[in-house]
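Residue strings, one per chain:
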Amino acid sequence: MDYLLGDLRRTHYSSDISPEISGEEVLLMGWVHEIRDLGGIIFVIIRDRDGLIQVTAPSKKVDAEILADLRALRKESVVAIKGTAQEAGKAPNGVEIIPSKVKILNLANQPLPMDPTEKVKAEIDTRLNSRFLDLRKANVSAIFKIKANMLKTVRQYFDDNDIIEINTPKLVASATEGGTELFPITYFEKEAFLGQSPQLYKQMMMGAGFDKVFEIGQIFRAEEHDTLRHLNEAISIDMEASFKDDKDVMNILDGMITTVLQSTKENCAKELEILDYDLAAIPEGPFPEVKYDDAVDIVNSKGIDMEWGEDLSREAEKALGDTQEGFYFLTDWPTAIKPFYVVPYEDRPEISHAFDLMYKNLEISSGSTRMHDYDTLVAQMEQRNLNPDGFGAYLQAFKYGMPPHAGWGVGADRLAMVLTGVENIRETVLFPRDRHRLTP
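Quick summary incoming for the structure in this document.

Rules used in this analysis
- Residues numbered from 1 in each chain as written.
- Predicted model: local features only at pLDDT ≥ 70, side-chain atom pairs only at ≥ 80, totals over all residues.
- Heavy atoms only, no water.
- Patch = residues over 30% accessible without salt bridge, like charges linked within 9 Å, V, L, I, M, F, W, Y side chains within 5 Å.
- Areas by Shrake-Rupley, 256 points an atom, 1.4 Å probe, with all protein chains shown as cover.
- Salt bridge = Lys/Arg side-chain N within 4 Å of Asp/Glu carboxyl O.
- Helix = DSSP H or I, 4+ residues; strand = E, 2+ residues; numbered from the N terminus.
- Buried < 20%, exposed > 50% of the residue type's maximum accessible area, 1.4 Å probe, protein only.
- Axes fitted to C-alpha atoms, helices over the stretch in contact; angles between N-to-C directions.
- Parallel < 35°, antiparallel > 145°, perpendicular 65-115°, else oblique.
- Left-handed = near helix turned anticlockwise from the far one by under 90°.
- Contact = heavy atoms within 4.5 Å.
- Nonpolar A, V, L, I, M, F, W, Y, C, P; charged D, E, K, R; others polar.
- Pairing = 2+ DSSP bridges.
- Core = buried A, V, L, I, M, F, W, Y, C linked by side-chain atoms within 4.5 Å.
- Lys, Arg positive; Asp, Glu negative; His and termini not counted.
- Charge placed at Lys NZ, Arg CZ, Asp CG, Glu CD.
- Expected span 1.5 Å × (residues − 1).

A cluster of nonpolar residues, Leu171, Tyr187 and Phe188, forms a patch on the protein surface that exposes about 350 Å² of accessible area. In this structure, Tyr187 sits in strand S8 (residues 184–187). Looking at Tyr187, the relative accessible area reads 38%, which means it is partly exposed.

Structure (structure tokens):
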């Protein structure tokens, strides 16, 4: 069998086929979604990136050779079909294709490891094991079209605000913020680690005079979580800006999230409809602010025990999130539970210029005003039992004119959860990596 394209080239996607082009010749390429052979007529549903289109082959109108080719098809085989568009009220998009040429480009093996039509439901692990098939489903591909639009919008937002894109190393010699949640690797004769954050490099770029930078890239955390909102490899959207404080960069973040919400509603209406998700119910910015002190009171008022100075437990996050309609900033965190580079308040050093952006009970972002004074930064490291010698290249940048600066990082995959309404972060990652999964 000849599997080459030859002179065949797609002229239309399924979304281009409408009653308005009835009578025109078209050439479609895609996958066999369903086949129904009723003897005197064969129906084949073809699926491509944009949706479904029906090929209708009545035995009285179509050559016997074409009917034989259609009968040879198997579900999920790849085909090219040339034919004439014809209005048909019961067909998808109100139009069908009467075929004049069928070319099988690749026959799919049978049986399939899972059913992309979802007539037989599959659990998440089965779906991830056959992700190439799972991604063919309209509701799954819709998630990634929304995510692609999200990242495109984020980059455009940064560009519109004169924020420069950078790319920092993912192979690093030591921890970013201290701690042990690192993946060690062999780097020639040395030990190295997969980067857990671009934080230190972003700050170094402030010392380099880049003023405002962003990065969209992988981060790696060797955390032994097994939850619906944690992964060991994730995408982070990071931003850092000189001559700004936490309030300034909160405004930048507020604007970015609002722009993403607006863009998703405007550009992904079809995908949101497929997912049956009402994004319009989420309020846009400016987002409200809840101080940590008040959050402790709210959590305790809901019957969840929380001491001042603790991080929020999962139960506390849920209790607080239930009091909020959508996104909100959680501000003025205790200094002791934030990283060493966060600036404390001068008049109340036990709290810091740090914030999280939450969506109900889900943390989306963390940020703060950063310490830019070398001596104070070293002192804060030592207070946390961190060895400054392990941060030599980073600290050097603070000796020669580091400006005041602030920034944040956003979990892109968690933000995609909000935009699509899914509850498992694995749904928003093509090939997720968690403590149990390293393939496919």
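All right, on to the packing of helix H4 (residues 138–160) against helix H6 (residues 246–267) then. Between H4 and H6, the least distance of the axes is 9 Å, while the angle of their chain directions is 135°. One finds that H4 runs oblique with respect to H6. You can see that H4 and H6 cross each other, and the crossing is right-handed. Residues Ile146, Asn149, Met150, Thr153, Val154, Tyr157 and Phe158 of H4 pack against Asn251, Ile252, Gly255, Met256, Thr259, Val260, Ser263, Thr264 and Asn267 of H6. When the residues that make up the contact of H4 with H6 are grouped by side-chain class, the tally is 8 nonpolar, 8 polar and no charged.

The final tally for this structure, using the stated rule, is 28 salt bridges. Note that Lys121 and Glu118 form a salt bridge whose closest N and O atoms lie 3.8 Å from each other. A salt bridge links Asp413 to Lys147, with the nearest nitrogen and oxygen atoms 2.6 Å apart. Placement of Asp413 in helix H12 (residues 412–420) and of Lys147 in helix H4 is noted, with a sequence separation of 266 residues between them. Each member of the pair Asp413 and Lys147 is classed as buried.

Glancing now at the packing of H4 against H12. Running from N to C, H4 and H12 point in directions that differ by 120°, and their axes come no closer than 10 Å. Taken together, the axes of H4 and H12 lie oblique to each other. The handedness of the crossing between H4 and H12 comes out as right-handed. For the pair formed by H4 and H12, the contact residues are Ile143, Ile146, Lys147 and Met150 on the first element and Ala412, Asp413, Leu415, Ala416, Leu419 and Thr420 on the second. Its residues assigned to classes, the contact of H4 with H12 shows 7 nonpolar, 1 polar and 2 charged.

Strand order in this closed barrel of 5 strands is S1-S2-S3-S5-S4, and the pairing throughout is mixed. Each neighbouring strand pair of the sheet contributes to a mean axis angle of 50°, computed without reference to strand direction. With 2 bridges joining them, strand S3 (residues 51–58) and strand S5 (residues 95–106) adopt parallel strand pairing. Bridge pairing in S5 links Gln54 to Glu96. Strands in contact with helix H1 (residues 64–71) are strand S1 (25–37), strand S2 (41–48), S3, strand S4 (78–87) and S5; relative to S5, the strand with the most contacts, it is inclined by about 65°.

Attention shifts here to the nonpolar core. Residues Phe158, Ile237, Leu253, Met256, Ile257, Phe327 and Trp408 are the most contacted members of the largest nonpolar core, which totals 50 residues. Considering each element in turn, this core owes the most residues, 9 residues, to H4. Ranked by size, the runner-up nonpolar core spans 33 residues in total, among them Tyr292, Met306, Trp333 and Met402.

On to the pairing of S3. Here S3 lies mainly inside the structure; 6 of its 8 residues are buried. Here 8 bridges tie S2 to S3, and the two strands are oriented antiparallel to one another. Across the sheet, residue Ile45 finds its bridge partner in S3, namely Gln54. Following S2, the chain reverses through 2 residues before pairing antiparallel with S3.

Moving on, we get to a negative patch on the surface. A surface patch of like charges, here negative, comprises Asp159, Asp160, Asp162 and Asp211. What makes Asp160 exposed here is its relative accessible area of 56%.

This paragraph deals with H4. Along its 23 residues, H4 runs 32 Å from first to last C-alpha, staying within 8% of the 33 Å computed at 1.5 Å per residue. One or two positions beyond H4, positive phi appears at Asp162, with a value near 60°.

The strand order across the open sheet formed by 3 strands is S7-S9-S8, and the pairing between neighbours is antiparallel. Two strands bound the open sheet, and with one partner strand each, they are strand S7 (171–172) and S8. Inspection of the sheet shows S7 paired to strand S9 (residues 190–194) by 2 bridges, in the antiparallel sense. If you follow Val172 over to S9, its bridge partner there is Phe193.

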